[in-house]
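The chain contents come next:
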Amino acid sequence: MTLARLVPRTSIDPSTDWLRKEVRRFLSEQLAAGSFTPAVDAWLSRWDEEFTAALAARGWLGMTVPVGYGGHGRSFLERFVVTEELLAAGAPVAAHWIADRQIVPSLMKYGTEIQKAEFLPKIVRGECFFGIGMSEPDSGSDLASVRTRAERVPGGWALTGTKVWTSGAHLSHAFIALARTSPPDPEHRHDGMSQFIVNLRGPGVDIRPIRSMNGAHHFNEVILDGVFVPDDMVFGDIGQGWRQVTSELAFERSGPERFLSTFVLLDACAERMVSQQIPRSAELGRLVARIAGLHQMSSAIASALERHEPADVPAAVVKVLGTTTEGDIAEFAHLNADATAGQRFRDLAEAAVDQRPGFTLRGGTNEILRGVIARGLGIR
């Protein structure tokens, strides 16, 4: 089974059909050359700067960045096609993922000319990697409880606090940190927060690994001890951090990575069923149908973002439904990873089950997002 079978012909924009074929040819060549081994959750756990450089050379990073900033001026839909194919193949895209997915549109919306000129061309060339500095200890998905402080000092700000679950921080150049620039107000908990671009390789930054139960290291704890951030690295407006963050989360929650993290495993299940290694199952058909529906929903959000329309509630819906589906794929494969399955299939199923708890946590827990959806629909 390939992603092509899940993309209805009537939904294919002729302007992107050739691009999808081009990406598939590239991936076939890379697989034939042994450049990577397909993996589940590869957008988070498979860091490969050479692969990132190969994508950059083909113009598949910073696709929506204007030409004036070194980008390619392509559409959100074209970017969606490329990222969907990379995810479906289980390609190692973690190095550039956050920078390309989240930092690029945030810089275009809130960045200063200095910041755009500094970071956008490097991201497009695959030379600058970013993390996200939102989550904190004991805060869960409640960003209003952020305790990292930013205090005014000559020429800039001094940041003190701790961030956790920061993917790739030990390999990244910078992250955008959410911090308090004024004391919390019980009546207006989301006021008084601001964002800063922090050099993760500068003084006062201590990055400590958080290892998953399978021994993998992509999460980190980042401790900021009076880290100096110059005024020209203040991101957006002081005191408007919450408004900016909620805008950014639409990009984080709606993308195809929210339903394709385990696609290579779903593909393997389908191949095993075709070869009659596992019994025919209506459950597999339901999983395939769910992925096809999520493709339609996610691509529709990409089109909405192209039109600069708000998409926070639809993005939350995709995130909840998508990550639940990813977990169900992992469970289905695990139940069918018996002695007749090859080692490759068992390894994929085991990795998916290991990662399953994280699917519904990152990007905001599904429990919190159900509240976002309910409020967005006017349900009390």
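Preceding block: the structure.
Enquirer: What is the right way to read the overall build of the chain from this model?
Expert: The number of helices and strands found in the chain is twelve helices and eight strands. Relative to a compact globule of 380 residues, whose C-alpha radius of gyration would be 21 Å, the chain shows 21 Å and is just as compact. Dimensions along the principal axes, computed over C-alpha positions, put the chain at roughly 70 × 40 × 40 Å. Burial analysis of the chain (380 residues in total) assigns 53% to the buried set. Long-range contacts, defined here as pairs at least 24 residues apart, represent 74% of the contacts in the chain between residues at least 6 apart. In the chain, 40 side chains carry a positive charge and 45 a negative one; their mean positions are 3 Å apart.

Enquirer: Explain the nonpolar core here, please?
Expert: Nonpolar side chains in soluble globular proteins tend to end up buried together. Leu27, Phe51 and Leu265 are the most contacted members of the largest nonpolar core, which totals 50 residues. Counting residues per element, this core draws most heavily on helix H8 (residues 263–274), at eight residues. Counting 43 residues, the second largest nonpolar core, distinct from the first, contains Val124, Cys128, Val198 and Val227.

Enquirer: Just checking my understanding: could you explain the environment of Ile197 for this structure?
Expert: Mapped onto the fold, Ile197 is located in strand S5 (residues 193–199). Along the chain, Ile197 and Val234 lie 37 residues apart, while their C-alpha atoms are 6.4 Å from each other. The contact partners of Ile197, leaving out residues within four places of it in the chain, are Leu107, Gln115, Phe119, Phe130, Ala174, Phe175, Ile176, Val229, Met233 and Phe235.

Enquirer: Before we go on, may I ask you to explain the packing of aromatic side chains in this structure?
Expert: When we look at a pair of aromatic rings, we describe it by the centre distance and by the angle of the planes. Counting across every chain of the model gives nine aromatic pairs. Plain terms: the ring middles of Tyr110 and Phe235 are 6.3 Å apart, the flat faces sit at 75 degrees to each other, and that makes the pair edge-to-face. Of this pair, Tyr110 sits in helix H5 (residues 94–110) while Phe235 sits in strand S8 (residues 234–235); the two residues are 125 residues apart in sequence, bridging distant segments of the chain. Summarising the burial analysis for this pair, Tyr110 and Phe235 share the class buried. With 5.3 Å between their ring centres and 80 degrees between their planes, Phe119 and Phe130 make a pair best called edge-to-face. Highlighted residues: Phe119 in helix H6 (residues 113–124) and Phe130 in strand S1 (residues 130–133), separated in sequence by eleven residues. Under the relative-accessibility criterion, Phe130 is labelled buried at 3%. Every member of this aromatic cluster is reached through a ring pair, and the members are Phe26, Phe36, Phe51 and Trp60.

Enquirer: Is there a simple way to explain the packing of helix H4 (residues 76–88) against helix H9 (residues 282–306) in this structure?
Expert: Two numbers describe a pair of packed helices, the interaxial angle and the distance between the axes. For the pair H4 and H9, interaxial distance at closest approach is 8 Å and the crossing angle is 145 degrees. Regarding H4 and H9, the two cross each other, and that crossing is right-handed. Taking contact as the criterion, the partners of Phe76, Leu77, Phe80 and Glu84 in H4 are, on H9, His295, Ser298, Ser299, Ala302, Leu305 and Glu306. Classifying every residue of the contact of H4 with H9 by side-chain character gives five nonpolar, three polar and two charged.

Enquirer: Would you take a moment to explain the pattern of salt bridges for this structure?
Expert: Side chains that differ in sign of charge can pair as their charged atoms come close. The tally for this structure, following the rule as stated, stands at 20 salt bridges. When the shortest N-O distance is used, the salt bridge between Asp231 and Arg152 registers 3.0 Å. Residue Asp231 is found in the loop between strand S7 (217–230) and S8, and its partner Arg152 is found in strand S2 (residues 149–153); the two are separated by 79 residues along the sequence. When its relative accessible area of 35% is taken as the criterion, Asp231 is described as partly exposed. Of the charged contacts in the structure, one is a salt bridge between Glu331 and Arg356, with a shortest N-O distance of 3.1 Å. Taken together, the residues span a long stretch of sequence, with Glu331 in helix H10 (residues 312–335) and Arg356 in helix H11 (residues 343–359) at a distance of 25 residues.

Enquirer: Would you mind going over the environment of Pro203 with me for this structure?
Expert: Within the secondary structure, Pro203 sits in the loop between S5 and strand S6 (205–211). Distance from Pro203 to Val227, taken between C-alpha atoms, is 6.7 Å for residues 24 residues apart in sequence.

Enquirer: Is there a simple way to explain helix H3 (residues 49–57) in this structure?
Expert: Helical geometry note: an α-helix holds 3.6 residues per turn, so side chains three or four residues apart project in the same direction. The complete set of buried residues in H3 reads Phe51, Thr52, Ala54, Leu55 and Ala56. Its side-chain oxygen at 3.1 Å from the backbone nitrogen of Glu50, Asp48 defines the N-terminal cap of H3.

What counts and how
- Numbers given to residues run from 1 along each chain, matching the order in which its sequence is written.
- This being a predicted model, a pLDDT of at least 70 is required before a residue's local features are given, and a value of 80 or more before pairs of side-chain atoms are given or counted; all residues contribute to the totals for chains, interfaces and linings.
- Think of the side-chain values as coming from all heavy atoms in the structure, minus any hydrogens and water.
- Only DSSP runs of H or I reaching four residues or more are called helices, and only runs of E reaching two or more are called strands; each is numbered from the N terminus.
- Atoms considered for the radius of gyration are the C-alpha atoms alone. The globule rule reads 2.2 Å times the number of residues to the power 0.38.
- Partly exposed describes any residue whose relative accessible area lies between the buried limit of under 20% and the exposed limit of over 50%, with all areas from a 1.4 Å probe on protein chains only and scaled to the type maximum.
- Should any heavy atoms of two residues lie within 4.5 Å, those residues are counted as being in contact.
- Counting rule applied: Lys, Arg positive; Asp, Glu negative; His and chain ends not counted.
- A single reference atom marks each charge: NZ on Lys, CZ on Arg, CG on Asp, CD on Glu.
- Residues belong to a common nonpolar core when they are buried Ala, Val, Leu, Ile, Met, Phe, Trp, Tyr or Cys residues joined through side-chain atoms within 4.5 Å.
- Only rings of Phe, Tyr and Trp enter the pairing, Trp through its six-membered ring, and a pair is recorded when the two centres are within 6.5 Å. The plane angle decides the type: under 30 degrees is stacked, over 60 is edge-to-face, the rest tilted.
- All axes here are fitted lines through C-alpha atoms, helices being fitted over the stretch that makes contact, and every angle between N-to-C directions spans 0 to 180 degrees.
- We call a crossing left-handed when the near helix sits turned anticlockwise from the far one by less than a right angle, and right-handed when that turn is clockwise.
- For this scheme, ten residues count as nonpolar: Ala, Val, Leu, Ile, Met, Phe, Trp, Tyr, Cys and Pro. Four count as charged, namely Asp, Glu, Lys and Arg, and the remainder, Gly too, count as polar.
- Here, a salt bridge means any side-chain nitrogen of Lys or Arg that lies within 4 Å of a carboxyl oxygen of Asp or Glu.
- Pairs of N or O atoms are called polar contacts if they sit within 3.5 Å, as long as, within protein, a hydrogen donor faces a hydrogen acceptor (for residues adjacent in sequence, only side-chain-to-side-chain pairs).

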